[in-house]
Amino acid sequence: MRAYRADIAFNGERRLPDGALVLVEDGVIAGVESASFPAPADCPVTDGAALLPGLIDTHVHLCGDSSPRALDQFAELSPDRLQDVITTAEQQQLGAGVTTVRDLGDDRWAVVDRLRAGGDGPTVVASGPPLTVPGGHCASMGGVATGQDALRAAVRERVDRGAGVVKIMASGGVLTPDTDVFSCQFTLEEMRAVVEEAHLHGLPVTAHAHGLSAVERAVECGVDGIEHCSCLTRDGARLPRALSERLAESGIYVCPTVGRVPGLEPPPHVQARLAAIGSTFEDHLVHVVELQKAGVRFLAGTDAGIGPVKRHGLVPMAVVDLVACGVPATDALASATGLAALAIGLRQRTGRLA
């Protein structure tokens with residue numbers, strides 16, 4: 001047994017007023033006491049400035065090496081090289097205190113298949129290739145399916161392969177230039193079929209949605225989470241009151257994918273794409289402020305691995321950005337610990353000092 005003591009402690013939901021002494025045995029928390037509690041005899045004690053649960057990044061791409069062409073180069077990498085990229089990404093996450101990640105888009109099952117082998121990296125909940133349309137956002141990853149029957153079959157394939165979440169690209173994406181970020185990629189009936197089939201098998205569904213119409217459709221079909229939730233129109237981001245109320249009342253988890261390397265600009269081709277759609281990271285932060293005022297539930301996810309400004313291990317910066325957008329510090333920390341664990345189905349094993 002080993003003990004860890006700190007005067008400042010956050011248990012995944014709130015700050016503990018008396019600090020904490022956390023007892024760990026065989027890699028499992030065996031007890032949580034106040035900082036003044038005497039450690040068991042002959043138990044080594046590590047004193048630290050603060051204690052909190054291992055962090056959780058709810059939106060990563062472990063197949064991405066954070067290079068300017070991270071998502072474009074998947075098809076060029078050999079299977080062995082791709083596994084090396086995943087290993088490096090996992091170690092970068094661990095180095096930042098991130099002990100759990102949710103991978104929301106791998107290349108042809110590279111992350112999902114890897115889960116069967118185990119390993120020394122963080123705990124991983126993975127979606128496999130995201131569901132998208134022919135020529136749609138991230139279609140090169142191998143998740144193309146259209147029509148209700150084909151989409152239901154694709155969901156069942158994810159269940160059979162051991163995925164822990166279904167990811168659907170409700171709109172186009174910034175990093176896939178020939179797609180439309182303002183429009184929906186699937187019909188309402190198709191998205192409902194995905195949600196119904198996934199829920200039938202006990203899997204949550206999270207939707208990538210930049211355009212306002214895609215966010216509205218995701219809410220309408222009953223998804224469990226929305227990634228980005230940018231609410232973009234050709235005249236900028238817009239959050240209609242009816243939508244903000246539904247987002248808050250539904251309890252849908254919103255991952256605004258904030259957090260980036262400070263002072264670093266995106267690669268030129270990404271800046272050009274952002275300019276073409278009339279959006280910037282700063283504009284998105286203003287929109288997150290509006291989402292915060294509406295009372296949505298945030299998760300701390302970063303879109304890690306997709307480029308230099310979105311390298312792996314940036315969840316601390318996502319927490320900082322959420323606080324800057326008006327999220328109370330306790331809620332921002334929970335979005336990367338206790339609440340995140342609840343959202344991804346791992347509350348019984350991580351996210352808390354308990």
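Residues numbered from 1 in each chain as written. Predicted model: local features only at pLDDT ≥ 70, side-chain atom pairs only at ≥ 80, totals over all residues. Heavy atoms only, no water.

1. Thoughts on the nonpolar core
Within the largest apolar cluster, 70 residues are counted, with the highest numbers of intra-cluster contacts made by V223, I226 and L247. The residues touching V223, leaving out its near neighbours within four places in the chain, are V195, V205, A207, A218 and I252. Core analysis: the second largest hydrophobic core is formed by eight residues, L104, V165, A340 and I344 among them. (Core = buried A, V, L, I, M, F, W, Y, C linked by side-chain atoms within 4.5 Å. Buried < 20%, exposed > 50% of the residue type's maximum accessible area, 1.4 Å probe, protein only. Contact = heavy atoms within 4.5 Å.)

2. With respect to the side chain of H312
Within the fold, H312 resides in the loop between strand 14 (297–298) and helix 9 (315–324). Exposure remark for H312: the relative accessible area of 2% places this residue in the buried category. Reaching out from H312, the side chain makes a polar contact with the backbone oxygen of G64 at a distance of 2.9 Å. Of the polar contacts made by the side chain of H312, one reaches the side chain of Q93; its length is 3.2 Å. Once you skip the residues sitting within four places of it in the chain, H312 turns out to touch H61, L62, G64, S66, A89, Q92, Q93, A304 and G305. (Helix = DSSP H or I, 4+ residues; strand = E, 2+ residues; numbered from the N terminus. Polar contact = N/O pair within 3.5 Å; in protein donor to acceptor, adjacent residues only side chain to side chain.)

3. Observations concerning the packing of aromatic side chains
The full count for this structure, using the stated rule, is zero aromatic pairs. Just above the ring of Y253 sits the side chain of R297; from NZ or CZ to the centre is 3.9 Å. (Phe/Tyr/Trp six-rings, centres within 6.5 Å; stacked < 30°, edge-to-face > 60°. Lys NZ or Arg CZ within 6 Å of the ring centre and 35° of its normal.)

4. Considering the side chain of T206
Within the fold, T206 resides in strand 10 (residues 205–211). At 3.2 Å, the side chain of T206 forms a polar contact with the backbone oxygen of G225. Setting aside its immediate chain neighbours within four residues, T206 contacts R102, L104, V165, V166, K167, I168, G225, I226 and E227.

5. Focus: the sheet that holds strand 7 (residues 98–103)
Read across the open sheet, the three strands follow the order 6-7-8; overall the sheet is parallel. The open sheet has two free edges, formed respectively by strand 6 (55–60) and strand 8 (123–126), since each of these has just one partner strand. On average, each strand axis in the sheet is tilted by 15 degrees relative to the strand beside it, whichever way the strands run. Inspection of the sheet shows strand 6 paired to strand 7 by four bridges, in the parallel sense. Bridge pairing in strand 7 places L55 opposite V98. (Pairing = 2+ DSSP bridges. Axes fitted to C-alpha atoms, helices over the stretch in contact; angles between N-to-C directions.)

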